Structures are given as structure tokens and as C-alpha cells.
Amino acid sequence: MSQPQPFHDRDGFIWQDGVLRPWREANVHILTHALHYAGAVFEGERAYGGVIFKSRLHSERLHNSARILGYKVPFSVEEIDAAKQEVLKANGLVDGYIRALAWRGSEMMGVAAQNNKIHLAIAAWAWGAYFAGELKGIRLTMADWRRPAPDTAPSQAKASGLYMIATMSKHAAEAKGYADAMMLDYRGQIAEATGANAFFVKDGKVHTPTPDCFLNGLTRQTVIDILRHRQIEVVERAILPNELESFEQCFLTGSAAEVTPVAEIGPYNYEVGALTRQVVQDYADLVRGKISI
């Protein structure tokens, strides 16, 4: 079995601080503040047929995430959108995944970094399905780690530090043979998977946790619009773990995950039913411009 190509050793170009650099030369210093103190914010986006889905909203969220962390991205939303298109073209991509990343540089070391330069980089690469065998429904276990309270972490920022417990939880799940983990929030309520929002189906209605301590994903918002366009009731509410047994279907949403059916969460099994399959198809049609809502 061939090993996947490492991300540091590839052909192509990465946009870094306003300049396209050869992929292998897009580097930072070992004393970069964000590497030590998790001061980076990022966006994950997909392009379909050369069009980046909701590009501007992603760029605006990148700005807002940086603002929450206390700094300003030194490029406008319009400049970021243009740079993303430049990166796609430079790498010969029509369909692809785009990663924009802003971070504090290496001028100061220590917790305080008031004078550090803010950097921005954008990379893009071909990336297929986030989960293998996703249309059959993936298997999840429950994570040991919980999403923190909104007064202990900047939960509405897409910040690198918030993904530490996500990585730990996903690694633990994979070690047990699962694709991912479902995380609870600080109150013990269902929150989200490690990198995707969660939806549940029961009696023709769709239930999803209220995003008051985790990111209200752009794909999540899109799927809610799709469901309401089909006149399917969406209930945003607190969902307790003991309710998992009562749901009939489950799916995850995210820019990388797109819409991924779930077949299992721990001891509970779910059908990849008609409603889930319809949402998968509607989302695929929407991002490729075949339908509008």
C-alpha cells in the first residue's frame, strides 16, 4: 500500500503574505508565536467547478476569528478572495480544498506578542471524500473530551487551539476502529463531531444542537436552509446523550465532510434513510450550481 504524499513535500504553489511561493519554500521560523501559543485562525473551503463555495463568507469569518483573538488580518476580504482564486489557478485545480491560515509571527516570544507581525497564507490541493465509505454511514464513538464553555474559550472563532481536543478525540476513536467521535459540551449535552456539526432525524423532523459553545458552521447553516426550503422542520435545541437511542437517522456537515451519513454512535445504530440521502444530493447539487435555494 502506497503512503500518502506528505504535505510539506509537494509540487505547486502556496500564497504567502501576498506572494506565490513554491510549495516547499512556504515555511515559517521555529519560534513562530502561533506554533507555541496556538494563535492561528483558519478556514477550510471547497471549490467545485472552479467556484469556491461561499468564499466571501469564509473570508469574513477568518477576519472575525482574528478579531476575536485580538489581531487584524492584514488583507481585506476582497484580497483574500482574489488570492484564493489565484492559488487554485496556480495549482491547476478546478475542484479542490482551500486552506487559508492567519497567524502571529516570530518577533516576540512569550505569552504576550503585541508587536508580532500577522501573516496570511493560502494553500489548495485536490482532496476527495473526507471520510472513507461515507455514503454507507460512518461509525462514531463518544469522545472523552468535551467542548469548553464559551467563557473559557473563544468558541465562535475558528481557532487552531480549539482543535487540540478534537485531534486527541479523533485519534482515540480511530485507534478503536471508528471514523470519528461525537463530543459533548461542558454541560454534558451533545455538541458536535471533532470537525463537523451534527444533525438527527426523528418523526420527519431534524434536530441539531444549538451552537452556543461551538462553531456555527457555514455548511451547517447551508443545510438548515436546504431543509427549510424543502419545508422540513429544523429544531435547534439542547440534545442530551440519552436521546441518541431515539433518533432514526444522523448525519454530519462541514466544508471538508460535506454531508456525511452516520450509521453508528457507540451502541446506537442509524438508518441512512431517504431524508439523509436527499440532503446529501441537495447539497451536492447546490455547491455545483445545479439548484438554488
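This text goes with the structure placed above it.
These numbers come from a predicted model, not from an experiment.

*Asks:* Explain empty space enclosed by the protein to me, please; I cannot follow it from the model alone.
*Replies:* The rolling of a water-molecule-sized probe over the atoms marks out the regions of remaining empty space. Here the structure, examined in full by the defined rule, presents one cavity of 30 Å³ or more. For the largest cavity, the calculated volume is near 60 Å³. If you go around the largest cavity, the residues you meet are E45, R46, Y48, F53, K54, H58, L218, T219, S255 and Y283. In terms of residue count, the dominant contributor to the lining of the largest cavity is strand β3 (residues 41-48) (three residues). When grouped by side-chain class, the residues that make up the lining of the largest cavity number four nonpolar, three polar and three charged.

*Asks:* I would appreciate a short explanation of unusual backbone geometry in the present structure.
*Replies:* Glycine aside, negative phi is the norm for most residues, and most peptide bonds take the trans geometry. You will see that A38, though not glycine, has its phi angle at about 60°, which is positive. Along the polypeptide, A38 turns up in the loop between α1 (33-37) and β3. Judged by its relative accessible area of 33%, A38 is partly exposed. In this structure, E258 is a non-glycine residue whose phi angle is positive, near 55°. By the element assignment, E258 lies in strand β14 (residues 258-265).

*Asks:* What should I look at first to understand the layout of surface pockets in this one?
*Replies:* When its volume is computed, the second largest pocket comes out at roughly 220 Å³. Lining the second largest pocket are 15 residues, and of these Y37, A38, G39, L69 and R104 lie nearest its centre. Considering only residue class, the lining of the second largest pocket consists of ten nonpolar, four polar and one charged.

*Asks:* Sorry if this is basic, but what is going on with the pairing of strand β6 (residues 118-125) here?
*Replies:* Regular strands place side chains that alternate from one sheet face to the opposite one. Here β6 lies mainly inside the structure; eight of its eight residues are buried. The alternating pattern of β6 places I118, L120, I122 and A124 and H119, A121, A123 and W125 on opposite faces, both of which are buried. Sheet analysis places strand β1 (residues 13-16) next to β6, joined by two bridges and oriented antiparallel. Directly across from Q16, in β6, lies its bridge partner A121. Of the strand pairs in this sheet, strand β5 (residues 96-104) and β6 are connected by eight bridges, and their pairing is antiparallel. Across the sheet, residue I98 finds its bridge partner in β6, namely A124.

*Asks:* Got a minute to help me understand helix α6 (residues 274-287) in this structure?
*Replies:* For an α-helix, the turn length of 3.6 residues means that residues three or four places apart are oriented alike. Taking 1.5 Å of rise per residue, the 14 residues of α6 would be expected to cover 20 Å, and the 20 Å separating its terminal C-alpha atoms lies within 8% of that figure. Within the span of α6, buried status applies to L275, T276, V279, V280, D282, Y283, D285, L286 and V287. The elements touched by buried residues of α6 are β3, β10 (197-202), β11 (205-209), α5 (218-229), β13 (249-254) and β14. Downstream of α6 by one or two residues, G289 has phi in the positive range, about 75°.

Criteria and cut-off values
- Residues numbered from 1 in each chain as written.
- Predicted model: local features only at pLDDT ≥ 70, side-chain atom pairs only at ≥ 80, totals over all residues.
- Heavy atoms only, no water.
- 1 Å grid on protein atoms, 1.4 Å probe; cavity = no way out; pocket = protein on both sides within 12 Å on 5 of 7 lines; lining within 4 Å.
- Points joined across faces, edges and corners; volume = space filled by probe spheres on them.
- Helix = DSSP H or I, 4+ residues; strand = E, 2+ residues; numbered from the N terminus.
- Nonpolar A, V, L, I, M, F, W, Y, C, P; charged D, E, K, R; others polar.
- Buried < 20%, exposed > 50% of the residue type's maximum accessible area, 1.4 Å probe, protein only.
- Pairing = 2+ DSSP bridges.
- Expected span 1.5 Å × (residues − 1).
- Contact = heavy atoms within 4.5 Å.

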